[in-house]
Amino acid sequence: MSRRRKPHFEDDMDETWLIPYADLLTLLLALFIILFASSQVDSKKYEQIMRSLNSAFNGGVSFFEQSSIVQVAVNPATETKKKDEDAKSEQSDRENAARKEMAELQELQKKLDQYIRDNRLSTQLETKLTSDMLKITIRDNALFASGSATVKPEARKLAVAIADMLTQYPQYEIEVAGHTDNVPIRNAEFETNWDLSAKRALNFMKILLDNEKLGADRFRAIGYGEYRPIDTNDTAEGRAKNRRVEVSIMRTIKEEIETIGTTPGQ
C-alpha cells in the first residue's frame, strides 16, 4: 500500500510586509506615548519629533538615540517672574542703601550747621544737600585776601574743623572747587581767574589733607574760574557771591529726589 503524499503548495503566502508594518506601529506607539506624556507640545518639540520620525524612516539616527539627557522645559512665565523678583530685590537694596546714605549726609549737615551757628559764620558759609552731594560753600573773603590764593591764618581753623568731621565719613569722595567773578585778575602771580580759582582750591584742599586720617585718593581740586556763577556779575553783591570755594561731599548712590534744602547757618 503506497504512502499518500501531502499536497505541495507552489505559492506560499508572502509575509515580509509584516516587518515594516510592525516598525510603523512601534513608531506610532512611541509618538502617542510622547504626546500623552507632554502636557503641552510647543512648535519646537513637534519639529524635533517629526525630525526623529523622518530620520527613523530614512535609516538615519533618531532623536531618541542622540542623547540620554532629559531636558526639562522651563516655563517662560516662571522665568520672567524670577527675573522680576530679582530686579525688585536689587531695587529694594539700592533704595535702602540710598536712604542710609542720605541719613548720614543729613547728620553731617547738622554738624556743619551747628559749627556755623556756634562760630557766627552764617554770612560766610552755607550748606546744601541735594540728590548728588552735600555742598559746603565758603565765601572767598572768609579764606583769602583779594587776588590771593594764600589761606588766611584764621581760616585754617575752619578747614581743620571740616576735616575732622569728614574723617567720620570715609566712604565719600570730596571735590574742592574754586570760583571767581568775571573781573580780570591783574597781578604777577596769576594770569587768569582760572589760575587763581585752581590755586585757591588746591591750597584749601592741602589744609584738609593735613589731617592724616583722610585719604588723599578721595580728594580732587578743580578751578572753574568765572564760568560757573551763582549770581549776577553786574553788581558788587553778586560778584561777592560768585567768589567762593565749594567743598562737595559726593554721593555714591544717585537717586531722583528733590533738593533737601539750603542751610545758611543760623
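Everything below is about the structure shown above.
Residue numbers run consecutively from 1 along every chain, following the written order of its sequence. Local features in this predicted model are restricted to residues whose pLDDT is 70 or higher, and side-chain atom pairs enter the listing and the counts only when it is 80 or higher, whereas totals over whole chains, interfaces and linings include all residues. With hydrogens and water excluded, all non-hydrogen atoms of the structure serve as input to the side-chain values.

Here we look at the pairing of strand S3 (residues 173–179)
Think of it in three bands: with a 1.4 Å probe and only protein chains considered, a residue is buried below 20% of the maximum accessible area for its type, exposed above 50%, and partly exposed in between. Numbering of helices and strands starts at the N terminus; helices are DSSP runs of H or I of at least 4 residues and strands are runs of E of at least 2. In terms of burial, S3 is largely enclosed, as six of its seven residues are buried. Strands qualify as paired when DSSP identifies two bridges or more between them. As judged from the seven bridges shared by S3 and strand S5 (residues 244–250), these two strands associate in the antiparallel manner. Opposite His179, over in S5, you have Arg244 as the bridge partner. Here S3 runs beside strand S4 (residues 219–225); their pairing, made up of six bridges, is parallel. Each bridged residue has a counterpart across the sheet, and for His179 the counterpart in S4 is Gly225. Look down the strands so they point away from you; if the path from the first strand over the helix to the second goes clockwise, the crossover is right-handed. For the crossover that starts at S3, traverses helix H6 (residues 193–208) and ends in the parallel S4, the hand is right-handed.

A short note on the environment of Leu158
Inspection of the secondary structure assignment puts Leu158 in helix H5 (residues 156–166). Here Leu158 falls in the buried class, since its relative accessible area comes to 7%. A sequence separation of 39 residues divides Leu158 from Asn119, and the C-alpha atoms of the two residues are 9.6 Å apart. Setting aside residues up to four positions removed in sequence, Leu158 forms contacts with Tyr115, Leu125, Ile138 and Leu143. Contacts are assigned to residue pairs with any non-hydrogen atoms lying within 4.5 Å of each other.

Observations regarding a nonpolar patch on the surface
Patch membership requires more than 30% relative accessible area and the absence of a salt bridge. Residues of like charge join within 9 Å; the nonpolar side chains Val, Leu, Ile, Met, Phe, Trp and Tyr join within 5 Å. What sets the accessible areas is the Shrake-Rupley method with a 1.4 Å probe; for residues, cover comes only from the shown protein chains. Only one rule defines a salt bridge in this text: a Lys or Arg side-chain nitrogen within 4 Å of an Asp or Glu carboxyl oxygen. Together, Trp17, Leu18, Tyr21, Leu24, Leu25, Leu28, Phe32 and Leu35 line one region of the surface with nonpolar side chains, adding up to about 750 Å² of accessible area. Along the polypeptide, Leu24 turns up in helix H1 (residues 18–37).

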